[in-house]
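Working through the structure, step by step
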Amino acid sequence: MLYVIGIVLAAVLLRAAYLRLLLSRAKHRSLEGHSRIARRLASWVPYYEYGPERFFQADDAPPEVATSRRDGFQRLAALYAQRFPKSAALTAEAAQCISDLQFTARYRVPFQFSRLVREHLRAGTFLAASSGPTVTDLDGNRLYDLTGSYGVNLFGYDLYKECIERGSARVRDLGPVLGAYHPLVAENARRLCALSGMDEVSFHMSGTEAVMQAVRLARYHTRRRYLVRFCGAYHGWWGDVQPGVGNPLTARDTYTLRDMHPASLRVLRTRRDIACVLINPLQALHPNASAPGDSTLLDSSRKAHFDRAAYAAWLAELRQVCTARNIALIFDEVFMGFRLAPGGAQEYFGVRADLVTYGKGVGGGLPVGVVCGRRRWMRRFREDRPADTCIARGTFNSHPYVMGAMHEFLLRLESDPVRALYRDLDEVWNRRARQLNEQLRAADLPVRVANLSSVWTVSYSQPSCYNWMLQYYLRAQGLALSWVGTGRLIFSLSFTDAEFSEVAARFVAAATEMQRDGWWWQGQSLSNRAIQRRLLREMLQARWGSGSSSTIGSISSPRSRYSGAR
């Protein structure tokens, strides 16, 4: 009997070890795939900053290049001071009591350069008006909007103004009555089911809440703990889907696996504890890499490429495995929404999910969260177990004014003028990306763009630790970017060829001026690897350097004060 027990125990232990090995092999080899290690290293990285000399020679450029950069920086700072005074002043004042502004200001560029940039390149965050593809700031500057309002602006701002205005008129008689539904809720639910191909709908306050509920439903129906997300994917800021840097606690019920890799499929086929798989279609542009931002752009290793056929094949394999293993396949379309097709990513890639989440993109300009799902996944109770429920509540769910704006948006989505914007969508935006890349190549500029339809990212073709400066030259040329800088450009589908050509011309002009000022100087020994090694040495010196001031050469500690750009 002991012998049999020993054999069974050994078999159980061997299987557990085998499953653990498969899981380890499915994790991405970078820090993005190992959230606990990433969190530990993040707590280890020391703060230090470059002084006014090192700021312009972080790559050991010769003195004449540093002088050119300093002169360019001074010109840019003077232009910002002259062009954006009101916007910058109100942003500085508001930052004293708005914590979001404090965070975005410090993490707009790499922290080593941040202080001098914050002091001298202040453009401001406040805007006064929007119209079509443009926004206007407090100083009257009209800028082409490449922020896309983080995904909201799909068809141009004027359409959303109309949705809010007309939607408000539709529900004005009821006003802000909560709990009971306005009749538009039923109409919106019907249209959303038709668009998503699903059976049922639930409304929430935000995209993050929608994803939370989709995961809760999957866990409820499968009786399993773990969710699978893929390396680099963003699904909101709640703990289980943000397991690494930025989350104070370790996410214990999350597996972060390699995107587009057979090892991940093996994990899904063999484990019995996985409730759901989350897909963010935007990851097709940069699999296994976090949403790109300029705050960490200290070399030129950032790359992106979209292969529609390959990603569609990957999703089809996932669909097959999830069906076989009773795992809920969740498409998180909070960001992409209906940007790829009227039916979203499901239509675009030809793969049906079990649950789909939407957010700001479907609210007609107002905040909302939506879960659309197959009937078997959406039910929150068990008929044979009345006390076994899956509760989801929210005071402002289905708010009449949000439902009114959503109704108007869904009507527009079905209209002929909007449907015409989807005609040859890939061809239009791929052609525009090629057009800009050809202009950049002809001007011999080390900048390229990659795109997933109308969502673009910028990469750099030669080693440099100053690529993040491009966002400030772009702003000076009248292009508005979000706080992540050149990491993500989001166009509305309503951009005409003429409007895009103007944006492309301004983009090339900004890059040309930046190159002329010397930021893309290329030394013989300068490489991405060399930049990374130098950064590691600096961090080690900053953490274990001698002296109470932690001053290392031309690198200053937080106690140091800049005298300003000279």
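Residues numbered from 1 in each chain as written. Predicted model: local features only at pLDDT ≥ 70, side-chain atom pairs only at ≥ 80, totals over all residues. Heavy atoms only, no water.

What the protein chain contains, in helices and strands, is 19 helices and 18 strands. Taken over the C-alpha trace, the protein chain has a radius of gyration of 25 Å; the compact-globule value for 566 residues is 24 Å, and the two agree within 12%. Its C-alpha atoms put the protein chain at 80 × 75 × 45 Å along the principal axes. Residues classed as buried in the protein chain amount to 54% of the 566 residues present. A separation threshold of at least 6 residues defines the contact pool for the protein chain, and within that pool the share at least 24 residues apart is 77%. Of the roughly 25,400 Å² that the protein chain leaves accessible, carbon and sulfur atoms contribute 54%. Averaging the positions of the 74 positive and the 50 negative side-chain charges in the protein chain gives two centres separated by 8 Å. (Helix = DSSP H or I, 4+ residues; strand = E, 2+ residues; numbered from the N terminus. Rg over C-alpha atoms; globule rule 2.2 N^0.38 Å. Buried < 20%, exposed > 50% of the residue type's maximum accessible area, 1.4 Å probe, protein only. Contact = heavy atoms within 4.5 Å. Areas by Shrake-Rupley, 256 points an atom, 1.4 Å probe, with all protein chains shown as cover. Lys, Arg positive; Asp, Glu negative; His and termini not counted. Charge placed at Lys NZ, Arg CZ, Asp CG, Glu CD.)

Here we take up the sheet that holds strand 10 (residues 355-358). Note: strands within a sheet are paired through backbone hydrogen bonds, in either parallel or antiparallel orientation. What the seven strands build is an open sheet, ordered 5-11-10-9-8-6-7; its pairing is mixed. In the strand order of this sheet, the two ends are held by strand 5 (200-204) and strand 7 (254-257), each with one partner. Between one strand axis and the next, the sheet turns through 20° on average, direction left out of account. Of the pairings in the sheet, the one linking strand 8 (residues 274-279) to strand 9 (residues 328-332) comprises four bridges and is parallel in character. (Pairing = 2+ DSSP bridges. Axes fitted to C-alpha atoms, helices over the stretch in contact; angles between N-to-C directions.)

Across the two faces of strand 7 the burial is the same, with T254 and T256 and Y255 and L257 all buried. For strand 6 (residues 226-230) and strand 7, the ladder comprises four bridges, and the chain directions are parallel. From the neighbouring strand, V228 faces strand 7, where its bridge partner is Y255.

Attention shifts here to the sheet that holds strand 17 (residues 489-490). The strand order across the open sheet formed by three strands is 14-15-17, and the pairing between neighbours is antiparallel. Two strands lie at the open edges of the sheet, namely strand 14 (447-452) and strand 17, each paired on one side alone. Across the sheet, helix 16 (residues 425-442) lies against strand 14 and strand 15 (455-460), angled at about 175° from strand 14, the strand it touches most.

Pairing is possible between side chains that carry opposite charge, provided their charged atoms lie close to one another. Overall, the coordinates contain 28 salt bridges when judged by the stated rule. In this structure, D59 engages R69 in a salt bridge whose closest nitrogen and oxygen atoms are separated by 2.8 Å. Taken together, the residues span a long stretch of sequence, with D59 in the loop between strand 1 (49-50) and helix 3 (63-83) and R69 in helix 3 at a distance of 10 residues. R69 shares its class with D59; the two are buried. (Salt bridge = Lys/Arg side-chain N within 4 Å of Asp/Glu carboxyl O.)

With that out of the way, let us pick up the environment of A392. If you trace the backbone, A392 turns up in the loop between strand 13 (385-389) and helix 14 (400-413). As a C-alpha pair, A392 and A210 span 182 residues in sequence and 9.9 Å in three-dimensional space. Each residue touching A392, except ones within four places of it in the same chain, is listed here: H204, Q213, R216 and R380.

Before going further, it helps to spend a moment on helix 11 (residues 308-325). Counted at 1.5 Å a residue, the expected span for helix 11 with its 18 residues is 26 Å, and the 26 Å between its end C-alpha atoms agrees. Along its buried surface, helix 11 packs onto strand 6, helix 10 (262-270), strand 8, strand 9 and helix 12 (344-349). Directly beyond the C-terminal end of helix 11, a positive phi value near 55° is found at N326. (Expected span 1.5 Å × (residues − 1).)

If you trace the backbone, Q213 turns up in helix 9 (residues 207-222). Overall, Q213 belongs to the buried group, its relative accessible area being 2%. In this structure the C-alpha to C-alpha distance between Q213 and F203, which are 10 residues apart in sequence, comes to 10.0 Å.

Our focus in this paragraph is the confidence of the model for the protein chain. Predicted confidence across the protein chain gives a mean pLDDT of 91, with 94% of residues reaching 70 or more. The low-confidence segment residues 547-553, where pLDDT is below 50, has nine contacts with residues more than four positions distant or belonging to other chains. (pLDDT = per-residue confidence, 0-100.)

At their nearest, the axes of helix 7 (residues 157-171) and helix 14 sit 7 Å apart, and the two run at 125° to each other. As summarised for this structure, helix 7 and helix 14 are arranged oblique, according to the angle between their axes. The handedness of the crossing between helix 7 and helix 14 is right-handed. For the pair helix 7 and helix 14, contact is made by L159, Y160, E162, C163, I164, R166, G167, S168, R170 and V171 and by P400, Y401, G404, A405, H407, E408, F409, L411 and R412, respectively. When the residues that make up the contact of helix 7 with helix 14 are grouped by side-chain class, the tally is 10 nonpolar, four polar and five charged. (Parallel < 35°, antiparallel > 145°, perpendicular 65-115°, else oblique. Left-handed = near helix turned anticlockwise from the far one by under 90°. Nonpolar A, V, L, I, M, F, W, Y, C, P; charged D, E, K, R; others polar.)

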